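Architecture and fold: a report
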Amino acid sequence: MESNDGSENKTEFIQVPIAQHTEITVYAPAKLNLFLDITGRRYDGYHLMKMVMQTIDLCDIVTISVEGNGCSTLFCDGVDVPNDGSNTALKAVNAFFNYTSIENPGIHIKIEKNIPSQAGLGGASSDAAAVFVGLNKLFGTDIPLSELCYLGARVGADVPFCIFGGSAFVEGIGEILTALPSIPDDDCRFVIIKPEYNVSTVQAFSAFDSLQNKPILNGAETMTNAIAMRDIETIGHCVGNAFEAVVFPEETNRIKTALLEAGAIGSCMSGSGSAVFGIFDNLSAAKRAVKDLSEFGETYLVRPVPHGAYIH
């Protein structure tokens, strides 16, 4: 908990009864960056962003169990996903108990990975968001959404949005969130292509910082207005990502061209890559694209959802 002067109170642990059960399953939706611009850097080196973000129905499944042994452990079936303390899900466990001053009774996290890693789809951040949502329910702490987002920012820049979910305009380093109207899922589909190569976010930022002539992106305001008007065509025309200038630009453009030729209204890389998506207003064309473009990598047909991590 925080004291009146804003400092954390960690002087003693408190025991809180576990709410109803000792295990809970939370669904962790992936995210897409419909628009991503890098506008500067903070005093501490963190990059300042301007983004329009959207959660989708591609989800990891996170099961949280109270073990009673005082240890935090994690198992994930995903390739190249760490099972140690560097995993954001375990960082979220530690952040939750430090913040609430509840003694950790021993938590085991099991993650069933469906979101590809190092793809710019927010899998690790969404897993952490699921942990915050699940522990908040398990321990009956009733931390409000805004406070959970504040706590999530301590673990990762995308975690607040993955808790918040839906459609949002995102600023700062990812902690300033403005809700937007939900994109209509009856009219909109996304086809995602995850090529074989992965991308390190740290390296992507470093490559962007080294650019002498950085891209200037416009369209965030137009996109937010289009979302408010439920105008899928204009949303598609406004997608953009500053990282495309430095993250496998030739391959990214090749995938974008293939998606556009398959009927996408617009196409863009998500996050720091490597996944590229196309936005469709025609379900039949989207289904064909998933089948016909599999040569470029793993393909996914998804729809927008109006929420972040959730308990079914």
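1. Structural notes on the confidence of the model for the protein
This prediction gives the protein a mean pLDDT of 92; 93% of its residues lie at or above 70. In the model, residues 1-7 has pLDDT below 50 throughout and makes eleven contacts with residues more than four positions away in sequence or in other chains.

2. Quick word on the packing of helix 1 (residues 88-100) against helix 2 (residues 123-138)
Interaxial distance between helix 1 and helix 2 falls to 8 Å at its minimum, and their mutual angle equals 35 degrees. As helix 1 packs across helix 2, the resulting crossing turns out to be right-handed. Residue-level contacts link Thr 88, Ala 89, Ala 92, Val 93, Ala 95, Phe 96 and Phe 97 of helix 1 to Ala 124, Ser 125, Ala 128, Val 131, Phe 132, Leu 135 and Asn 136 of helix 2. Class assignment of the residues belonging to the contact of helix 1 with helix 2 gives a composition of eleven nonpolar, three polar and no charged.

3. Describing the sheet that holds strand 11 (residues 298-302)
Taking strand neighbours across the sheet as the criterion, the four strands line up as 9-10-7-11 in an open arrangement whose pairing is antiparallel. Lying at the two open borders of the sheet, with one neighbouring strand each, are strand 9 (266-269) and strand 11. Pairwise comparison of adjacent strand axes, ignoring direction, gives a mean angle of 20 degrees for this sheet. Alignment of strand 7 (residues 189-194) against strand 11, held across five bridges, turns out to be antiparallel. Bridge pairing in strand 11 links Ile 192 to Tyr 300. Most of the contacts of helix 8 (residues 249-261) go to strand 10 (residues 276-280), to which it runs at about 20 degrees, and overall it touches strand 7, strand 9 and strand 10. In the packing of helix 9 (residues 283-292) onto the sheet, the strands contacted are strand 7, strand 10 and strand 11, and the crossing angle to strand 11 comes to about 160 degrees.

4. A closer look at the state of the cysteines
Inspection of the entire model under this criterion finds zero disulfides. Between Cys 149, a free cysteine, and Cys 162, which holds the nearest cysteine sulfur, the sulfur-to-sulfur gap is 9.8 Å. Residue class for Cys 149 comes out buried when judged on its relative accessible area of 9%.

5. Focus on unusual backbone geometry
In this structure, Ser 274 follows Gly 273 across a cis peptide bond, with omega equal to 15 degrees. Relative to the helices and strands, Ser 274 is located in the loop between strand 9 and strand 10. Phi angles above zero are rare outside glycine, and Arg 230 is one such case at about 60 degrees. Tracing the backbone through its elements, the reader meets Arg 230 in the loop between helix 6 (220-228) and helix 7 (232-238).

6. A closer look at the packing of aromatic side chains
Summed over the entire model, instances satisfying the criterion amount to nine aromatic pairs. Ring geometry for Tyr 27 and Tyr 310: centres 5.4 Å apart, planes at 20 degrees, overall stacked. Separated by 283 residues along the polypeptide, Tyr 27 in strand 1 (residues 23-41) and Tyr 310 in strand 12 (residues 310-311) bring together distant segments of the chain. The exposure class of Tyr 27 is partly exposed, given its relative accessible area of 22%. By relative accessible area, which is 26% here, Tyr 310 ends up partly exposed. Following the ring pairs from residue to residue traces out a cluster consisting of Phe 96, Phe 97 and Phe 139. The ring of Phe 208 has Lys 214 sitting right over it, with the charged end atom 5.7 Å from the ring centre.

7. As for the side chain of Thr 100
By the secondary structure assignment, Thr 100 is in helix 1. From its side chain, Thr 100 meets the backbone oxygen of Phe 96 in a polar contact 2.9 Å long.

8. Focus on the pattern of salt bridges
Going through the model one piece at a time under the given rule, you end up with nine salt bridges. Here Arg 303 and Asp 57 are joined by a salt bridge, their closest N and O atoms 4.0 Å apart. Placement of Arg 303 in the loop between strand 11 and strand 12 and of Asp 57 in strand 2 (residues 47-66) is noted, with a sequence separation of 246 residues between them. Overall, the relative accessible area of 32% leaves Arg 303 in the partly exposed class. The exposure class assigned to Asp 57 is partly exposed, which follows from its relative accessible area of 36%. A salt bridge links Asp 127 to Lys 113; the shortest N-O distance between them is 3.5 Å.

Definitions and limits used
- Residues numbered from 1 in each chain as written.
- Predicted model: local features only at pLDDT ≥ 70, side-chain atom pairs only at ≥ 80, totals over all residues.
- Heavy atoms only, no water.
- pLDDT = per-residue confidence, 0-100.
- Contact = heavy atoms within 4.5 Å.
- Axes fitted to C-alpha atoms, helices over the stretch in contact; angles between N-to-C directions.
- Helix = DSSP H or I, 4+ residues; strand = E, 2+ residues; numbered from the N terminus.
- Left-handed = near helix turned anticlockwise from the far one by under 90°.
- Nonpolar A, V, L, I, M, F, W, Y, C, P; charged D, E, K, R; others polar.
- Pairing = 2+ DSSP bridges.
- Disulfide = S-S within 2.5 Å.
- Buried < 20%, exposed > 50% of the residue type's maximum accessible area, 1.4 Å probe, protein only.
- Phe/Tyr/Trp six-rings, centres within 6.5 Å; stacked < 30°, edge-to-face > 60°.
- Lys NZ or Arg CZ within 6 Å of the ring centre and 35° of its normal.
- Polar contact = N/O pair within 3.5 Å; in protein donor to acceptor, adjacent residues only side chain to side chain.
- Salt bridge = Lys/Arg side-chain N within 4 Å of Asp/Glu carboxyl O.

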